[in-house]
Amino acid sequence: MQVAESYLNQDAFYFPHNLDFRGRAYPMHPNLNHLGADLSRGLLQFADAKPLGPDGLRWLEISVSLHHTLVLSQKPESLENKAVTNF
């Protein structure tokens, strides 16, 4: 939270990345990045908002549907200690 608060009044900021030998990009900051936990991803907002468009809305619907199916397919005892925070 402290890292997120330090960026609060910035118009925009960028994530520096490292590349591995396979060409995969990994953000350098360990606590606040777009590949982190739900909490860190939920704190991020795009600086330049753009509309989803017809294809974007379709893929958002597919993502929500798949996430919902995944949550429902898990055994109830495996969900006891998990908070579903994505949607």
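Refer to the preceding data block for the structure.
These numbers come from a predicted model, not from an experiment.

Colleague: Quick question: what am I supposed to make of the overall build of the chain here?
Modeller: Across its full length, the chain holds four helices and two strands. Secondary structure of the chain in N-to-C order comes out as α-β-β-α-α-α. Counting every position in the chain, which comprises 87 residues, the buried fraction comes to 8%. Long-range pairs, those at least 24 residues apart, make up 26% of the contacts in the chain with a sequence separation of at least 6. Roughly 7900 Å² of accessible area belongs to the chain as shown, and the carbon and sulfur atoms make up 58% of that amount.

Colleague: Got a minute to help me understand the layout of surface pockets in this structure?
Modeller: Taken as a whole, the largest pocket encloses approximately 740 Å³ of empty space. In terms of lining residues, the largest pocket is bounded by 20 residues, among which Phe-13, Leu-44, Gln-45, Phe-46 and Ala-47 are the most central. For the lining of the largest pocket, the class distribution of residues is 13 nonpolar, three polar and four charged.

Colleague: Would you explain the pattern of salt bridges in this entry?
Modeller: Should their charged atoms come close, side chains of opposite charge can pair. Counted according to the given criterion, the structure contains one salt bridge. Two residues, Arg-22 and Asp-20, come together in a salt bridge whose shortest N-O distance is 2.7 Å.

Rules of the game
Residues numbered from 1 in each chain as written. Predicted model: local features only at pLDDT ≥ 70, side-chain atom pairs only at ≥ 80, totals over all residues. Heavy atoms only, no water. Helix = DSSP H or I, 4+ residues; strand = E, 2+ residues; numbered from the N terminus. Buried < 20%, exposed > 50% of the residue type's maximum accessible area, 1.4 Å probe, protein only. Contact = heavy atoms within 4.5 Å. Areas by Shrake-Rupley, 256 points an atom, 1.4 Å probe, with all protein chains shown as cover. 1 Å grid on protein atoms, 1.4 Å probe; cavity = no way out; pocket = protein on both sides within 12 Å on 5 of 7 lines; lining within 4 Å. Points joined across faces, edges and corners; volume = space filled by probe spheres on them. Nonpolar A, V, L, I, M, F, W, Y, C, P; charged D, E, K, R; others polar. Salt bridge = Lys/Arg side-chain N within 4 Å of Asp/Glu carboxyl O.

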